[in-house]
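Below are the chains, spelled out letter by letter.
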Amino acid sequence: MDNEDEYVEESPNAEAQRFYDMLATSNEPIYDGATESKLSIAIRLLAARTNWHTPEKCLDHFIKLLVDVAPKDNCIPKYYYEAKKIVSSLGLKAQKIDCCEVGCMLYYKDDNHLTKCKFCHLPRYFPPKGDKGRYKQIPRKRMLICQSSKDYKDCMHQ
C-alpha cells in the first residue's frame, strides 16, 4: 500500500485534550437559544473593565442584573472574578496596552515610555485632577489583548 493513502489521526496528548475539553465547555451557550457563550461573556466583561476603567463592584452589580433577567438555567459568570478565572483557565492571559485616543499607535515595547502620540501628538494620559501630591497617571485609552501564557511571557520579557 502507498503511504500517502493511509492517514491515521493522532489523539491529542493529555494537556491538549484538557484544553479542548475546557474550550468546549466554555463555548457552550449561556442558556438554550442564546448566541453568546460563557467565554465570550467573560471576555466582554474583562474588556468592559479595561475600556471604561469600571470598578469590579460595578461589574458585579451588572453581572447580577444579567443573571437575574436571564433564564434560570443560565451559566453566566456570577462575579467578575469568575469571568477572569474562565479566561485564565484556558491558559489565556489578559494584557492591557495603552493606545492613542484616535488609534494612531500603541504605547508598546519601544514606545512604552512616550507620553504623547508620535503621529497626532495627543497626550497619552488624562491631566491630574486637583492639586494632589501623588498621582497615578490614567491613560486616555487602553486595549485588552488575550493571549496564551507562553506568548504573554515572551511579550513581557522583550
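Worth saying up front: this structure is predicted, and the values here are computed from it rather than measured. (Residues numbered from 1 in each chain as written. Predicted model: local features only at pLDDT ≥ 70, side-chain atom pairs only at ≥ 80, totals over all residues. Heavy atoms only, no water.)

**Q** Looking at this structure, I do not really get the side chain of T54. What am I missing?
**A** Structurally, T54 is set in the loop between α2 (38-52) and α3 (56-69). The class of T54 is buried, set by a relative accessible area of 16%. Each residue touching T54, except ones within four places of it in the same chain, is listed here: A48, R49 and L59. (Helix = DSSP H or I, 4+ residues; strand = E, 2+ residues; numbered from the N terminus. Buried < 20%, exposed > 50% of the residue type's maximum accessible area, 1.4 Å probe, protein only. Contact = heavy atoms within 4.5 Å.)

**Q** Could you clarify how one ought to interpret a nonpolar patch on the surface in this entry?
**A** A cluster of nonpolar residues, F62, L65 and V69, forms a patch on the protein surface that exposes about 320 Å² of accessible area. Within the secondary structure, F62 sits in helix α3. Under the relative-accessibility criterion, F62 is labelled partly exposed at 47%. (Patch = residues over 30% accessible without salt bridge, like charges linked within 9 Å, V, L, I, M, F, W, Y side chains within 5 Å. Areas by Shrake-Rupley, 256 points an atom, 1.4 Å probe, with all protein chains shown as cover. Salt bridge = Lys/Arg side-chain N within 4 Å of Asp/Glu carboxyl O.)

**Q** Is there a simple way to explain the nonpolar core in this structure?
**A** Nonpolar side chains in soluble globular proteins tend to be buried together. Grouped together as the largest cluster of nonpolar side chains are 19 residues, with contacts concentrated most on L45, L46 and I76. If you list the elements that add at least two residues to this core, you get α2, α3 and α4 (80-89). Here the element with the most residues in this core is α2; it accounts for six residues. Excluding residues within four positions of it along the chain, I76 makes contact with I30, I41, L66, V67 and A70. (Core = buried A, V, L, I, M, F, W, Y, C linked by side-chain atoms within 4.5 Å.)

**Q** Would you explain the pattern of salt bridges in this entry?
**A** For side chains of opposite charge, pairing can occur when their charged atoms come near one another. Scanning the entire structure with this criterion turns up seven salt bridges. Taking the shortest distance from any N to any O, the salt bridge between R49 and E56 comes out at 3.6 Å. Taking relative accessible area as the criterion, R49 reaches 26% and is therefore assigned partly exposed. Assessed through its relative accessible area of 33%, E56 is described here as partly exposed. Between K64 and D68 there is a salt bridge, with its nearest N and O atoms 3.1 Å apart. With K64 and D68 both in helix α3 and four residues apart, this pair spans about one turn of that helix. Put simply, D98, R124 and R142 are held in one network by salt bridges that share partners.

**Q** Would you take a moment to explain the packing of α2 against α3 for this structure?
**A** Each pair of packed helices can be summarised by the angle the axes make with each other and by the distance between the axes. Look at α2 against α3: their axes get within 10 Å of each other, and the N-to-C directions meet at 140°. Between α2 and α3, the interaxial angle falls into the category oblique. With respect to the hand of their crossing, α2 and α3 are arranged in right-handed fashion. Facing α2, whose interface residues are L45, A48 and R49, α3 presents E56, L59 and I63. Along the lines of polarity and charge, the residues of the contact of α2 with α3 split into four nonpolar, no polar and two charged. (Axes fitted to C-alpha atoms, helices over the stretch in contact; angles between N-to-C directions. Parallel < 35°, antiparallel > 145°, perpendicular 65-115°, else oblique. Left-handed = near helix turned anticlockwise from the far one by under 90°. Nonpolar A, V, L, I, M, F, W, Y, C, P; charged D, E, K, R; others polar.)

**Q** Mind showing me how you'd approach the packing of α2 against α4 here?
**A** Close contact between α2 and α4 brings their axes to 9 Å; oriented N to C, the two are set at 115°. In this structure, α2 crosses over α4, and the sense of that crossing is left-handed. Contacts from K38, L39, A42, I43, L45, L46 and R49 of α2 reach α4 at Y80, A83, K84, I86 and V87. Grouping the constituent residues of the contact of α2 with α4 by class yields nine nonpolar, no polar and three charged.

**Q** What exactly am I supposed to notice about α4 here?
**A** Since the α-helix advances by 3.6 residues per turn, residues separated by three or four positions end up pointing in the same direction. For α4, the full list of buried residues reads Y80, A83, I86 and V87. Taken down its axis, α4 places every buried residue within 115° of arc, on the same side. Remark: G91 follows α4 within two positions and exhibits a positive phi of approximately 80°. (Arc of directions from axis to C-beta.)

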